[in-house]
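Examining the three-dimensional arrangement
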Amino acid sequence: MTPRGRILIVDDEANARTALAELLRDDGYTVETAADGFKALPKLDDFAPDLVLTDLKMPGLDGIGLMRKARERDPECVAIVMTAFGAVETAVAAMRDGAADYLTKPINVDELSLVVERALERRRLRAEAGQLRERLAERGRLPNIVGSSPIMREVFETVLQVAPSRASVLITGESGTGKELIAAAIHEHSPRAGRPFVRLHCAALAETLLESELFGHERGSFTGAVARRDGRFQQADGGTLFLAEIGEISPGVQVKLLRFLQQHEFERVGGNQTLKVDVRIVAATNRDLLQRVKDGLFREDLYYRLNVVTIEMPPLRARPTDIPLLAMTFLKRFARDNQKTIVGFTDDALDRLTKHAWPGNVRELENAIERAVVVARGDVIGPADLAPTIAAATRPAGMPVVPGATLADIERHAILTTLEHTGGSTSRAAEILGISPRKIQYKLQEYQVARPKTREPS
């Protein structure tokens, strides 16, 4: 018979101990006994009981004292107290002190079995709930992505929510914010995880080459096409295709991509054979795609096909509490790669890192930490090891000094600076500042300032 649990019986009456032990062993439990509270203490460590069944009134260390000691050693240990029929109030007080239940003497055999089984079942349920919380917490951590700020936790939750679906995902955000890592995380948490995750940077290729890379080509379809070649769609069959900088593709390629999203079919460049594949599209851009639609540079129907679910990656300056975590992660990696013993940062260096504006976002921080590790001579990174522009960071340039500055001055600076960093996107600026886009537009009219033009990608 498989043991149902470990029970320690503590009672100064030898006959009572023996009888209870025999009853519970017959029920399939592993049982140890002790004559009083002090003699039970070593068995709390050696036997590690799941449940302590103890008399309340004992010489020396009584049942309540023993129960407290047991909970100190194992917070999940369950205690059931036994008391004379006329001392129920004492048993109730013990329950207020943490006992799971009580039994009155003389012990009723059926009641004993029921109370013990119920108490151990509650312990098992608590343990299972704790394991579930740990699994969910582990599930909520995305590989290779560091962040504990509220805005990043929202990103993680969205990734885990959309990953199991077949829906297309559009990831937006400035360059260097980690859009490709999010795309990879969506793939890794999806049913397609065992299939290919294929990447293509759309802005790096001319239109003809991009079309060939996506759809493949037939031999002789253009100069240099000496053999048939499969494109990224076929390479990603059954998996995920990540298209970086999707906002840069030409109108011709947009039409063919739209057809694939609608019908899941395409032809190779120079071919007439219609091919079908099962590919999920995850796209990314640092552009305001909706504005490009309005400007006639991006097809509206393609935009809505890609934009089934949107995940916006926040700039690093919008999550300053993540900077020390990211910095330590990069420090450990680069110290290992460069075979250097560097254990951390001085408070001053961390302060400079946190105050820097990071226009290049996480990618810039990564490069900055690699430089600091390479030039560092000690075992701690200090301000002298940082690049001059970072070491000099105190507050964003132009920020009004609070003494003597009005709240209106600070608000104006915050809105205009954030708009500048978001390339003029009022929706992204509003999210960072925690206000509505309408309020930003109203304030720009009040300041008599034109909305900043959207930046060209670097």
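Residues numbered from 1 in each chain as written. Predicted model: local features only at pLDDT ≥ 70, side-chain atom pairs only at ≥ 80, totals over all residues. Heavy atoms only, no water.

**A short note on the sheet that holds strand 12 (residues 309–312)**
Let me state the cut-off plainly: Note: two strands are recorded as paired if DSSP finds a minimum of 2 bridges between them. Numbered from the N terminus, helices here are DSSP runs of H or I no shorter than four residues, and strands are runs of E no shorter than two. Note on geometry: axes are lines fitted to C-alpha atoms, helical ones only across the stretch in contact, with angles between N-to-C directions running from 0 to 180 degrees. We call two residues in contact when some of their heavy atoms are within 4.5 Å.
Pairing is parallel in the open sheet, where 5 strands are placed in the order 7-8-11-6-12. Each edge of the open sheet carries a strand with a single partner, namely strand 7 (197–201) and strand 12. With strand direction ignored, the average angle separating the axes of adjacent strands in the sheet is 20°. Of the pairings in the sheet, the one linking strand 8 (residues 240–244) to strand 11 (residues 280–285) comprises 4 bridges and is parallel in character. By the bridge assignment for strand 11, Phe 242 is matched with Val 282. Running over the sheet, helix 7 (residues 179–188) touches strand 6 (169–172), strand 7, strand 8, strand 11 and strand 12 and is turned about 155° from strand 6.

**A closer look at the sheet that holds strand 4 (residues 78–84)**
One open sheet accounts for 5 strands, arranged 2-1-3-4-5; its pairing is parallel. Looking at the sheet topology across the chains shown, the edges are occupied by strand 2 (30–34) and strand 5 (101–105). Each neighbouring strand pair of the sheet contributes to a mean axis angle of 20°, computed without reference to strand direction. Pairing of strand 1 (residues 6–10) with strand 2, which is carried by 5 bridges, proceeds in the parallel orientation. Bridging across to strand 2, Arg 6 finds its partner in Thr 30. Along the sheet face, helix 1 (residues 14–26) touches strand 1, strand 2, strand 3 (51–55) and strand 4 and points at about 170° away from the line of strand 2. Packed on one face of the sheet, helix 2 (residues 37–46) meets strand 1, strand 2 and strand 3 and runs near 165° to strand 1.

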